Amino acid sequence: MIRMLLIAAPLILGACVGPAAETAPPAFALGVDLACDAGDLQQCPPGGCGAAAPETMTLHISLLVPERGGAGRFCIATGCEDAQFTPTSSPAPGWAARMHTRERTQYDAHLQIAPDLRTFSLRQADADGVKTWTGICSAAGS
C-alpha cells in the first residue's frame with residue numbers, strides 16, 4: 001500500500017500543478033510624464049480609405065500623459081479637459097493606452113507611444129470613421 005502511494009504521489013502532484021496560466025506582461029512605466037503634441041488629423045470614412053488617401057486637416061491637440069497612466073489632460077483647439085489613460089497591451093512596440101474623455105468631448109481613443117518616447121499616434125474609430133493624429137512627445141515641463 002505504501003509502495004503504491006509513493007508511486008502515485010508524483011503523478012497526483014503533477015496533475016495539480018499543471019501548466020502555468022498565461023498573464024499579460026505588466027505595462028511598463030514611461031519613466032516620466034509626457035507632453036505630446038500633434039497638428040494634423042487624418043480622417044477616413046467608416047469603410048476605410050481603401051485606395052484613396054485619407055483626408056488631412058489641421059486640428060491641433062496636446063496630451064499630458066502620466067508615466068504610469070491614470071489622470072492626465074487632453075487639449076484640442078477649442079479647450080482642455082481631464083482625460084483618463086488606461087495602459088493596455090499592444091502588438092506594436094512601445095507603450096499603449098486607452099484615452100477616455102467625458103467632459104467637453106467624448107473620446108475613446110487608442111494611444112500608442114513609440115519605444116523611444118519621441119512620437120505617438122492617437123486613433124479613434126467611431127460612426128464618422130477613423131481619426132488619427134500623429135505627433136511628437138517630450139518630457140513634461142521640459
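Reading guide: rules and limits
- Residues numbered from 1 in each chain as written.
- Predicted model: local features only at pLDDT ≥ 70, side-chain atom pairs only at ≥ 80, totals over all residues.
- Heavy atoms only, no water.
- Helix = DSSP H or I, 4+ residues; strand = E, 2+ residues; numbered from the N terminus.
- Buried < 20%, exposed > 50% of the residue type's maximum accessible area, 1.4 Å probe, protein only.
- Contact = heavy atoms within 4.5 Å.
- Areas by Shrake-Rupley, 256 points an atom, 1.4 Å probe, with all protein chains shown as cover.
- Core = buried A, V, L, I, M, F, W, Y, C linked by side-chain atoms within 4.5 Å.
- Salt bridge = Lys/Arg side-chain N within 4 Å of Asp/Glu carboxyl O.
- Pairing = 2+ DSSP bridges.
- Phe/Tyr/Trp six-rings, centres within 6.5 Å; stacked < 30°, edge-to-face > 60°.

Caption draft 1: Local environment of the overall build of the protein. Assigned secondary structure in the protein consists of 1 helix and 8 strands. Tracing the protein from N to C terminus, the helices and strands come up as α-β-β-β-β-β-β-β-β. Here the protein holds 142 residues, and 32% of them are scored as buried. Considering only contacts in the protein between residues 6 or more positions apart, those separated by 24 or more positions represent 40%. When the accessible surface of the protein is summed, it comes to about 8,900 Å², and 61% of that surface belongs to carbon and sulfur atoms.

Caption draft 2: Summary view of the environment of P115. Locating P115 in the fold gives a position in the loop between β6 (108–113) and β7 (119–126). It is 6.8 Å that separates the C-alpha atoms of P115 and W95, two residues lying 20 residues apart in sequence. Once you skip the residues sitting within four places of it in the chain, P115 turns out to touch P93 and G94.

Caption draft 3: Fine view of the nonpolar core. If you look at the biggest cluster of nonpolar residues, it comprises 24 residues, and the most contacted ones within it are L63, F120 and L122. At the level of elements, β1 (34–44), β2 (55–65), β3 (70–76), β4 (79–88), β5 (95–100), β6, β7 and β8 (129–139) are the ones that each hand at least two residues to this core. The greatest single-element share of this core, amounting to 4 residues, is contributed by β1. The contact partners of L63, leaving out residues within four places of it in the chain, are L34, A35, C36, R73, F74, F85, M99, L111, F120 and L122.

Caption draft 4: View of the pattern of salt bridges. One pass over the structure, following the stated rule, counts 3 salt bridges. Residue D126 pairs with K131 through a salt bridge whose shortest N-O separation is 3.1 Å. Note on K131: relative accessible area 13%, which makes it buried.

Caption draft 5: Expanded view of the pairing of β5. Sheet topology note: the β4/β5 ladder contains 5 bridges and is antiparallel. Across the sheet, residue Q84 finds its bridge partner in β5, namely H100. The hairpin turn running from β4 into β5, its antiparallel successor, is 6 residues long, and G94 in that turn takes a positive phi close to 115°. In the sheet, β5 pairs with β6 via 6 bridges, with the strands oriented antiparallel. Paired with R98 across the strands is H110, a residue of β6.

Caption draft 6: Focus on the packing of aromatic side chains. Throughout the structure, instances matching the rule amount to 2 aromatic pairs. Ring geometry for Y107 against W133: centres 6.1 Å apart, planes inclined by 65°, an arrangement best described as edge-to-face. You can see Y107 sitting in the loop between β5 and β6 and its partner W133 sitting in strand β8, a full 26 residues away along the chain. Like W133, Y107 is buried.

Caption draft 7: Structural view of the environment of T134. Along the chain, T134 turns up in strand β8. T134 gets classed as exposed once you look at its relative accessible area, which sits at 51%. Taking C-alpha positions, T134 is 5.8 Å from A38, a pair spaced 96 residues apart along the chain. Setting aside chain neighbours within four positions, we find T134 in contact with A38, D40, F120 and S121.

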